[in-house]
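Residue-level structural notes
Spelled out from the first residue to the last, the chains are:
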Amino acid sequence: MAALLLHRFVRIHRRVPMTAPAAVGAAIFCASSSSSVPHLEMSTSGKEAAAKVELSTKSCVPCNSRDLHAMSEDSAKKSLEQVTGWELKTEGEILKLHRAWKVKNFVKGLEFFQLVAAIAEEEGHHPDLHLVGWNNVKIDVWTHSVRGLTDNDFILAAKINELKLEDLLSKKKATTHE
Ligand SMILES: C[C@H](O)[C@H](O)[C@H]1CNC2=NC(N)=NC(=O)C2=N1
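Reading the values: rules and limits
Residues numbered from 1 in each chain as written. Predicted model: local features only at pLDDT ≥ 70, side-chain atom pairs only at ≥ 80, totals over all residues. Heavy atoms only, no water. Helix = DSSP H or I, 4+ residues; strand = E, 2+ residues; numbered from the N terminus. Buried < 20%, exposed > 50% of the residue type's maximum accessible area, 1.4 Å probe, protein only. Areas by Shrake-Rupley, 256 points an atom, 1.4 Å probe, with all protein chains shown as cover. Near = heavy atom within 4 Å. Polar contact = N/O pair within 3.5 Å; in protein donor to acceptor, adjacent residues only side chain to side chain. Nonpolar A, V, L, I, M, F, W, Y, C, P; charged D, E, K, R; others polar. Axes fitted to C-alpha atoms, helices over the stretch in contact; angles between N-to-C directions. Parallel < 35°, antiparallel > 145°, perpendicular 65-115°, else oblique. Contact = heavy atoms within 4.5 Å. Salt bridge = Lys/Arg side-chain N within 4 Å of Asp/Glu carboxyl O. Phe/Tyr/Trp six-rings, centres within 6.5 Å; stacked < 30°, edge-to-face > 60°.

Remarks on the overall build of the protein
The secondary structure content of the protein amounts to six helices and four strands. The N-to-C order of helical and strand elements in the protein reads α-α-α-α-β-β-α-β-β-α. Relative to its 178 residues, the protein shows a buried fraction of 40%. Counting every atom, the protein has about 10,200 Å² of accessible surface; 56% of that belongs to carbon and sulfur.

If you want it as structure tokens, here you go:
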């Protein structure tokens with residue numbers, strides 16, 4: 001029962017309750033013992049959920065750091081596993097992270113932008129924000145200084161994924177062609 005509650009908490013809040021180590025341990029136990037809770041649909045294992053939360057707790061490094069280099073497409077594909085809902089796209093030979101949401105209305109779209117702006121300003125790392133057809137939010141994330149993807153981009157995407165968006169999002173699914 002505790003495993004079910006923990007899993008539901010992680011799925012809803014995208015974070016682990018209590019102290020992270022104890023909860024991660026419980027989540028890993030829960031993932032490894034999913035057979036003991038046959039009705040539990042593990043959308044992501046406890047370890048995967050903990051890894052996604054862990055990425056969102058990291059901080060971006062300055063984009064003008066000499067040590068910053070664009071990652072390979074293979075590395076990007078691997079990191080993509082930690083940012084649910086995001087996809088890779090290439091524009092003008094630049095690899096980017098992309099995700100789309102449908103919001104309730106134009107004002108909710110701007111409220112969404114405000115939430116993202118607060119994260120971007122905090123991290124000193126900024127996404128490209130698009131609000132098209134009044135209720136379609138599209139966000140691209142890439143590191144301009146290296147014209148490609150770095151860990152900064154996945155950290156920013158993971159933080160965006162932690163936002164509580166229920167009040168802003170439409171019940172309809174976003175489609176990328178709109
Ligand atoms: C000094 C530093 O490079 C710039 O201020 C930051 C601002 N935000 C940024 N955001 C993104 N996505 N890429 C950058 O290269 C970048 N550079």
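What follows continues from the structure just given.
Let's talk about the site of the ligand
The local shell around the ligand consists of Cys-63, Asn-64, Gly-124, His-125, His-126, Trp-142, Thr-143, His-144 and Ser-145. A distance of 3.1 Å is found between a nitrogen atom of the ligand and a backbone nitrogen or oxygen belonging to His-144. A total of 390 Å² of accessible area belongs to the ligand in isolation, and the protein chains cover 68% of it. Grouping the constituent residues of the shell around the ligand by class yields two nonpolar, seven polar and no charged.

Some thoughts on the packing of helix α3 (residues 46-56) against helix α6 (residues 151-161)
Between two packed helices, both the angle of their axes relative to each other and the distance between the axes serve to describe the pair. Across the interface, α3 lies against α6 with an axial gap of 7 Å and an inter-helix angle of 110°. As judged from the angle between their axes, α3 and α6 are roughly perpendicular. Listed contacts from α6 to Lys-52, Leu-55 and Ser-56 of α3 are Phe-154, Ile-155, Ala-158 and Lys-159. Among the residues making up the contact of α3 with α6, the classes are represented as four nonpolar, one polar and two charged.

Let's talk about the pattern of salt bridges
Applying the stated rule across the entire model yields six salt bridges. Between Lys-89 and Glu-91 there is a salt bridge, with its nearest N and O atoms 3.2 Å apart. Here Lys-89 and Asp-140 are joined by a salt bridge, their closest N and O atoms 3.0 Å apart. Remark: Asp-140 occurs in strand β4 (residues 136-141) and Lys-89 occurs in strand β1 (residues 87-91); sequence separation between them is 51 residues. We classify Asp-140 as buried; its relative accessible area is 3%. Here the salt bridges do not stand alone but share partners, grouping Lys-89, Glu-91, Lys-96 and Asp-140 into one network.

Regarding the packing of aromatic side chains
The tally for this structure, following the rule as stated, stands at two aromatic pairs. When the ring of Trp-86 is compared with that of Trp-101, the centres are 5.7 Å apart and the planes differ by 80°; the resulting orientation is edge-to-face. Pair noted here: Trp-86 is in the loop between α4 (73-80) and β1 and Trp-101 is in strand β2 (residues 94-102), with a separation of 15 residues, a long-range link. By relative accessible area, which is 6% here, Trp-101 ends up buried.

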